[in-house]
Amino acid sequence: MCGIVGYVGPQNALDVVLEGLRRLEYRGYDSAGVAVLAEGGMATAKKAGKLANLEKALVEEPLPAATIGIGHTRWATHGGPTDRNAHPHLSADGKVALVHNGIIENFAALRAECETAGVEFTSETDTEVAAHLLASAYAETPEGPGRLAEAMRAVSNRLEGAFTLVASHADEPDTLVASRRNSPLVVGLGETVDGTAEYFLGSDVAAFIAHTREARELGQDQVVEIDRTRGLTVTDFAGTVVEPTAYTVDWDAAAAEKGGHAWFMLKEIAEQPQAVADTLLGRLGDDGGLVLDEVRLSDQDLRDIDKVFVVSCGTSYHAGLIAKYAIEHWTRIPVEVEVASEFRYRDPVLDRSTLVVVISQSGETMDTLMALRHAKDQKARVLAICNVNGSTIPRESDAVLYTHAGPEIAVASTKSFLAQIVACYLVGLFLAQVRGVKYDDEVAAIVEDLRRLPEAVSEVLLQMEPVRELGRSLAGADTILFLGRHVAYPVALEGALKLKELAYIHAEGFAAGELKHGPIALIDQGTPVVVVVPSPRARESVHGKVVSNIQEVRARGARTIVIAEEGDEDVVPYADHIIRVPRTPTLMAPIVTTVPLQVLACEIADTRGYDVDQPRNLAKSVTVE
Ligand code: F6R
C-alpha cells in the first residue's frame with residue numbers, strides 16, 4: 001500500500017523515479033508525486049489520481065535536472081486523494097521532502113505539538129508531521145557526516161505505528177535517508193560508473209529491477225543513509241551499524257512487463273502453468289523427502305503439533321480454505337482457517353503444539369503480520385507461505401515455503417493463488433511425512449499428481465474463448481452467484497471475490513448445500529448462477545448433490561453456468577452453459593476450476609470498461625490494519 005522510490009546516482013533522477021513509480025503503481029493509485037534535489041533547492045510536483053496525471057503535469061511544467069530524487073504513489077488513508085494530500089510532503093521551510101508508506105498512529109499528538117510550536121500544516125495526512133519533525137530534528141543535530149540520518153533516527157524513535165519514510169534535505173545535496181518499521185523497503189545497488197555509485201530505494205524490487213538485481217534487505221527498525229561519497233550505511237534506531245542482508249533478485253525486468261497482453265492480469269493468468277511448475281520445482285529431495293526453503297523447526301516440533309491454524313486474507317484466505325481439506329485428509333490433524341484481521345481479536349487457543357500457517361503473496365499484509373506476531377507471542381510455531389522473497393512475514397516466521405509465482409503486478413491475485421494452493425499441499429505432505437502418517441511413496445504419488453497440474457492448466461487456458469464470449473454476455477448482470485461443495489466451495493468464494501473486485505458487480509459465493517437455508521431467495525428469472533461441480537469421484541456422492549443443486553436453482557429461473565470436468569454428462573441437462581476442465585484427482589480440481597472464473601471476471605470487467613489491473617479503491621499490498 002503506497003509505493004516509494006528513491007534514487008541517488010549519475011542518471012536523471014526524475015526519469016528513474018517515474019519509471020520506478022510506474023512499476024509500483026499497483027501499490028496505490030490515488031495520487032502520485034516526486035521531489036528532486038536540484039541546484040536551486042527542492043523541487044516537487046504532485047497530482048491526485050493516477051501517475052499519468054502527474055506525468056502530464058510534468059510535461060507542462062518540467063522539474064529541473066537533478067541526480068537525487070524521491071517519489072510516491074499513494075493509497076489514501078488519512079486525508080482524501082487530493083493534490084494537497086499527495087506526497088512528498090515538505091517541511092515549513094521547504095527544505096525537507098518526505099514520502100511515507102504506513103500509518104503514524106500517534107500523529108495527532110505530534111501534530112498538536114508542532115502546531116503549538118507554530119507550524120502550519122498544509123495537508124490532512126498523518127505523514128506531514130514527519131516532514132516537520134525531521135526539519136526540526138535536523139536543526140537540532142550537530143553538523144557533520146551522518147547528520148540527516150541522525151535526525152531521521154530521532155524522528156523514527158518518536159513515531160508509533162507503521163512507516164517507511166524516505167527523505168532528502170536541501171542542505172544535504174548528496175544524501176538520501178530512509179527508515180522502516182512494519183512497512184517494506186529494499187535497497188538496490190547499481191553499477192559504479194566512472195567512480196560514481198548508484199543506489200535505489202523501493203517499496204519492492206520492482207522499483208529498480210530495470211537497473212539492477214543486486215539488493216539489500218532491511219530489517220525492522222532500521223535507518224538507511226545513502227551518501228554519494230560515503231556510500232550505504234544501515235543502522236538500527238539507536239545508531240548501531242548493522243549489516244544488511246544481500247540478495248540477488250531472481251527475476252528480471254521482462255517479468256514485470258505486460259509482454260503483449262492487454263492487462264497484467266491476463267499475462268499472469270497465462271503464466272499459471274509456470275507458476276505451479278516453479279512452485280513444485282526442487283521440492284522433492286534425493287531421499288524422497290520434501291524440501292522446504294527455511295525450516296527453523298525440528299522434526300520433533302513438527303511431530304508434536306496437534307492443531308493447525310491457517311491465517312490469511314482475501315484470496316490467500318481462500319487458498320487456506322482449500323488447504324484445510326487436503327491437510328486434514330492427509331495428516332488427520334485438525335485445521336482451522338481464519339481471516340487474519342479477526343484472528344487475534346477473538347483470543348484463539350494457541351500453544352507450542354499449534355502450527356500457524358500464514359499465507360501471503362506480498363509478505364507485507366499488516367493483518368497477517370499482526371496475526372503472526374500474536375501467534376508467536378503465544379508460543380505457537382509459524383510457517384509462512386509467501387511469494388516475495390525476504391519480505392517481513394517470512395522473515396518473522398519459524399519456517400518458510402516460498403511460492404515461485406514470479407512478480408504479480410495486477411492488483412487481483414491469480415497465479416499466486418494457484419501457487420499458494422500447491423505450496424499448502426506441500427506443507428500438508430511435509431507434515432504427513434515427518435509424522436509418519438504417509439509413506440514416502442504415497443507422498444511421491446501425490447507429488448506426481450501435482451506435477452501433472454501445469455499441463456492441465458495449460459489445457460484449460462486453450463479453451464478460454466467461449467468463456468470470454470460468455471463474460472461479454474454477462475457484463476450487464478446486477479448479481480452473479482457462485483456455488484460449490486467440498487474443495488469447490490472456496491473456489492466459488494474466489495470466483496465471487498474476483499468478480500466483485502474487478503467488475504464491481506454484486507457477487508456471492510455459497511456452499512451449494514447452504515443455498516436452501518436462505519440465499520436461494522435471491523434467485524430471480526435469469527439470475528446467473530455459476531456452479532463449480534466437484535469431481536464425480538469426490539466422496540459420499542457430493543457430486544450428485546451438486547447436480548441436484550443445479551436443478552433447484554434452474555427450476556427457480558436461474559441461468560446456470562456449470563464448470564465440470566470432461567466426461568461429466570450428469571450436468572448436461574441442467575446447464576445453460578458448460579465450461580469443461582480436464583479430469584483431475586479430487587483435491588487437485590481447484591487448480592483447474594479457478595482458471596475460467598478468473599478469465600470470466602477479467603472479461604466482464606473489461607467489457608464494462610474498467611481498469612482490470614488497478615480496480616477502484618484497492619491496492620496490492622495492504623500494509624494497514
Ligand atoms: C484479491 C487480492 C487480495 C489479497 C489479500 C491478501 O485478488 O489480491 O484479496 O489476496 O489482500 O494479500 P497477501 O496475499 O499479499 O497477503
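All values reported here derive from a predicted model rather than from experimental measurement.

Caption draft 1: Looking closely at the UniProt feature "domain: SIS" (unreviewed entry) in the protein. UniProt records the feature "domain: SIS" (unreviewed entry) at residues 298-437 and 470-615, using the numbering of this structure. When the span residues 298-437 is considered, its composition is 46% helix and 20% strand, and the gap between its end C-alpha atoms is 17 Å.

Caption draft 2: Focus on the side chain of Thr 164. For Thr 164, the location among the structural elements is in strand β7 (residues 161-169). By relative accessible area, Thr 164 is classed as buried at 0%. Of note is the side chain of Thr 164, whose polar atom sits 2.9 Å from the backbone oxygen of Pro 184. Beyond its immediate stretch of four places on either side in the chain, Thr 164 contacts Ile 4, Val 99, His 100, Asn 101, Ser 179, Arg 180, Ser 183, Pro 184 and Leu 185.

Caption draft 3: Structural context of the sheet that holds strand β25 (residues 577-581). Overall, parallel pairing links the five strands, which are arranged β22-β21-β23-β24-β25 in an open sheet. Because the sheet does not close on itself, it has two edges, and the strands there are β22 (506-511) and β25. For this sheet, the mean inter-axis angle between neighbouring strands, taken without regard to orientation, is 20°. With five bridges connecting them, strand β23 (residues 528-532) and strand β24 (residues 559-565) associate as parallel partners. Paired with Val 529 across the bridge in β24 is Thr 560. In this fold helix α17 (residues 488-503) packs onto β21 (479-484), β22 and β23, with an angle of close to 175° to the strand it touches most, β22.

Caption draft 4: Representation of the sheet that holds strand β1 (residues 3-8) in the model. The strand order across the open sheet formed by eight strands is β3-β2-β4-β1-β10-β9-β11-β14, and the pairing between neighbours is antiparallel. Taken across any chain shown, the strands that pair with only one partner, and hence form the sheet edges, are β3 (41-48) and β14 (245-248). The mean inter-strand angle of the sheet, taken between neighbouring strand axes irrespective of direction, is 20°. Relative to strand β4 (residues 68-74), strand β2 (residues 31-38) is paired through six bridges, and the arrangement is antiparallel. Its bridge partner lying in β4, Val 36 is registered against Gly 69. Along the sheet face, helix α1 (residues 13-24) touches β1, β2, β4 and β10 (199-202) and points at about 155° away from the line of β1. Contacts between helix α2 (residues 51-60) and the sheet are confined to β2 and β3, with β3 contributing the most and set at about 130° to the helix.

Caption draft 5: A look at the UniProt feature "domain: Glutamine amidotransferase type-2" (unreviewed entry) in the protein. Per the UniProt entry, the sites bearing "domain: Glutamine amidotransferase type-2" (unreviewed entry) are residues 2-229 in this numbering. Helix makes up 24% of residues 2-229 and strand 32%, with an end-to-end C-alpha separation of 30 Å.

Caption draft 6: Up close: the site of the ligand. In the region of the ligand, 13 residues are neighbours, and Ser 316, Ser 360, Gln 361, Thr 365 and Glu 501 sit closest. Between the ligand and Ser 413, the relevant distance is 2.9 Å, taken from an oxygen atom to a main-chain nitrogen or oxygen of the residue. Within the contact set of the ligand, an oxygen atom lies 3.0 Å away from a side-chain nitrogen or oxygen of Lys 498. Bound to the protein, the ligand loses 90% of the 410 Å² it would expose on its own. One can see that the ligand is located within the second largest pocket. Top element by residues in the shell around the ligand is helix α9 (residues 314-331). It accounts for three residues. When its residues are assigned to classes, the shell around the ligand shows three nonpolar, eight polar and two charged.

Criteria and thresholds
Residues numbered from 1 in each chain as written. Predicted model: local features only at pLDDT ≥ 70, side-chain atom pairs only at ≥ 80, totals over all residues. Heavy atoms only, no water. UniProt positions renumbered as here; feature names shortened; annotations may be inferred. Helix = DSSP H or I, 4+ residues; strand = E, 2+ residues; numbered from the N terminus. Buried < 20%, exposed > 50% of the residue type's maximum accessible area, 1.4 Å probe, protein only. Polar contact = N/O pair within 3.5 Å; in protein donor to acceptor, adjacent residues only side chain to side chain. Contact = heavy atoms within 4.5 Å. Pairing = 2+ DSSP bridges. Axes fitted to C-alpha atoms, helices over the stretch in contact; angles between N-to-C directions. Near = heavy atom within 4 Å. Areas by Shrake-Rupley, 256 points an atom, 1.4 Å probe, with all protein chains shown as cover. 1 Å grid on protein atoms, 1.4 Å probe; cavity = no way out; pocket = protein on both sides within 12 Å on 5 of 7 lines; lining within 4 Å. Sits in = over half its atoms within 2 Å of the grid points. Nonpolar A, V, L, I, M, F, W, Y, C, P; charged D, E, K, R; others polar.

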